[in-house]
Amino acid sequence: MLKDGAESRLEDVLQPGKNMLAAGYCMYGSSCTFVLSTGSGVNGFTLDPSLGEFILTHPDIKIPKKGKIYSVNEGNAKNWDGPTAKFVEKCKFPKDGSPAKSLRYIGSMVADVHRTLLYGGVFLYPADKKSPSGKLRVLYEVFPMSFLMEQAGGQSFTGKERALDLVPKKIHERSPIFLGSYDDVEEIKALYAAEEKA
């Protein structure tokens, strides 16, 4: 945050996501939805065109602790690392007798994360052989969605660390991201930890 009269510098922007004060997104479809957090939970608003105002329609959004949906572009599967491939395999063919998760991937981060926030599950945009640093931009994709997810009771992880602990070095820096239901992200973190020990 800048003090009155202070000149802005690049360092003012290149801060870890945990320093964010607010995040949100607006999504257009059959209705216009605005989701916002100012650091005390997450609320969803829907535009009422007859009033020209946003109405609180989703107060205090909480993501389910575990979800039944995973969201990833499986067209990149041949280029994934081991933990990502193992997690998606487990989603499709669980060995513990639990039902398989459903794949839902729209290809729009906002729409995929919105569904994940409301119904639970996990959104993955992992690094791969073609994009070893990931594809999504830290400052304006990874951080805002991670902030919202954590405020709703979920988690976000880069494959190495909590996403909001990342300290960007450039404005358009990219990162892998796994975010969603707390327990689902815990599974991904455990797979990365196991690979690190091996």
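Up top is the structure these notes are about.
Residues numbered from 1 in each chain as written. Predicted model: local features only at pLDDT ≥ 70, side-chain atom pairs only at ≥ 80, totals over all residues. Heavy atoms only, no water.

Participant: Just checking my understanding: could you explain the sheet that holds strand 3 (residues 43–48) for this structure?
Facilitator: Within a sheet, neighbouring strands are paired by backbone hydrogen bonds and run either parallel or antiparallel to one another. Judged by pairing direction, the sheet is antiparallel, and its four strands sit side by side in the order 1-2-3-4 without closing on themselves. The open sheet has two free edges, formed respectively by strand 1 (23–28) and strand 4 (53–58), since each of these has just one partner strand. Geometrically, the sheet is characterised by an average inter-axis angle of 25° between neighbouring strands, direction not taken into account. Where strand 2 (residues 32–37) meets strand 3, four bridges bridge the pair, whose relative direction is antiparallel. Counted as the bridge partner of Phe34 is Phe45 from strand 3. Running at roughly 100° to strand 1, helix 4 (residues 138–151) makes contact with strand 1 and strand 2 of the sheet. (Pairing = 2+ DSSP bridges. Helix = DSSP H or I, 4+ residues; strand = E, 2+ residues; numbered from the N terminus. Axes fitted to C-alpha atoms, helices over the stretch in contact; angles between N-to-C directions. Contact = heavy atoms within 4.5 Å.)

Participant: I would appreciate a short explanation of helix 2 (residues 82–92) in the present structure.
Facilitator: Every α-helix carries 3.6 residues per turn, so stepping three or four residues along brings you back to the same face. Within the sequence span of helix 2, burial applies to Pro83, Thr84, Phe87, Val88 and Cys91. Projected down its long axis, helix 2 carries its buried residues within an arc of 130°, all on one side. Close packing links the buried residues of helix 2 with strand 5 (69–71), strand 7 (122–125), strand 11 (177–180) and helix 5 (182–197). (Buried < 20%, exposed > 50% of the residue type's maximum accessible area, 1.4 Å probe, protein only. Arc of directions from axis to C-beta.)

Participant: Any chance you could explain the packing of aromatic side chains here in plain terms?
Facilitator: Two aromatic rings, taken as a pair, are described by how far apart their centres are and by the angle between their planes. Tallied over the entire structure, the rule returns five aromatic pairs. Aromatic side chains Phe34 and Phe54 sit 5.7 Å apart centroid to centroid with 55° between the ring planes, which places their arrangement in the tilted category. Taken as a pair, Phe34 in strand 2 and Phe54 in strand 4 lie far apart in primary sequence, 20 residues in all. Here Phe34 falls in the partly exposed class, since its relative accessible area comes to 28%. Overall, Phe54 belongs to the partly exposed group, its relative accessible area being 37%. Look at Phe157 and Phe178: their rings are 6.3 Å apart centre to centre, the planes differ by 40°, and that puts the pair in the tilted class. Placement of Phe157 in strand 9 (residues 155–157) and of Phe178 in strand 11 is noted, with a sequence separation of 21 residues between them. Judged by relative accessible area, which is 1%, Phe178 ranks as buried. (Phe/Tyr/Trp six-rings, centres within 6.5 Å; stacked < 30°, edge-to-face > 60°.)

Participant: Can you walk me through the pairing of strand 7 in this structure?
Facilitator: On a regular strand, one side chain projects to one face of the sheet and the next to the other, so that they alternate. Burial along strand 7 is two-sided: Val122 and Leu124 and Phe123 and Tyr125, pointing in opposite directions, are all buried. With two bridges joining them, strand 5 and strand 7 adopt parallel strand pairing. What sits directly across from Ser71, in strand 7, is Phe123. Strand direction decides the pairing type here: strand 7 and strand 11, joined by four bridges, are antiparallel. Bridged to Val122 within strand 11 is Gly180.

Participant: How do you make sense of the side chain of Thr158 when you look at a structure like this?
Facilitator: With respect to the helices and strands, the residue Thr158 is situated in the loop between strand 9 and strand 10 (174–175). If we ignore the near neighbours within four places in the chain, the residues touching Thr158 are Ala163, Leu166, Ser175, Pro176 and Phe178.

Participant: I would appreciate a short explanation of the nonpolar core in the present structure.
Facilitator: One finds Leu117, Phe123 and Ile177 to be the most contacted residues of the largest nonpolar core, which totals 29 residues. Looking at this core, the elements that each hand over two or more residues are strand 1, helix 3 (109–119), strand 7, helix 4 and strand 11. Ranked by residues supplied to this core, first place goes to helix 4 with eight residues. Residues in contact with Phe123, not counting those within four places in the same chain, are Ser71, Met109, Asp112, Val113, Thr116, Leu136, Ile177, Phe178 and Leu179. (Core = buried A, V, L, I, M, F, W, Y, C linked by side-chain atoms within 4.5 Å.)

Participant: I keep staring at the pattern of salt bridges and nothing clicks. Help me out?
Facilitator: Side chains that carry opposite charge are capable of pairing whenever their charged atoms lie near each other. The tally for this structure, following the rule as stated, stands at 14 salt bridges. A salt bridge links Asp165 to Lys18; its shortest N-O distance comes to 3.8 Å. You can see Asp165 sitting in the loop between strand 9 and strand 10 and its partner Lys18 sitting in the loop between helix 1 (10–13) and strand 1, a full 147 residues away along the chain. By relative accessible area, which is 28% here, Asp165 ends up partly exposed. For Lys62, the salt bridge is made with Asp60, and the minimal N-O distance between the two is 3.6 Å. Ionic contacts of the salt-bridge type, sharing partners, join the residues Lys66, Lys90, Lys101, Asp184 and Glu187 into one network. (Salt bridge = Lys/Arg side-chain N within 4 Å of Asp/Glu carboxyl O.)

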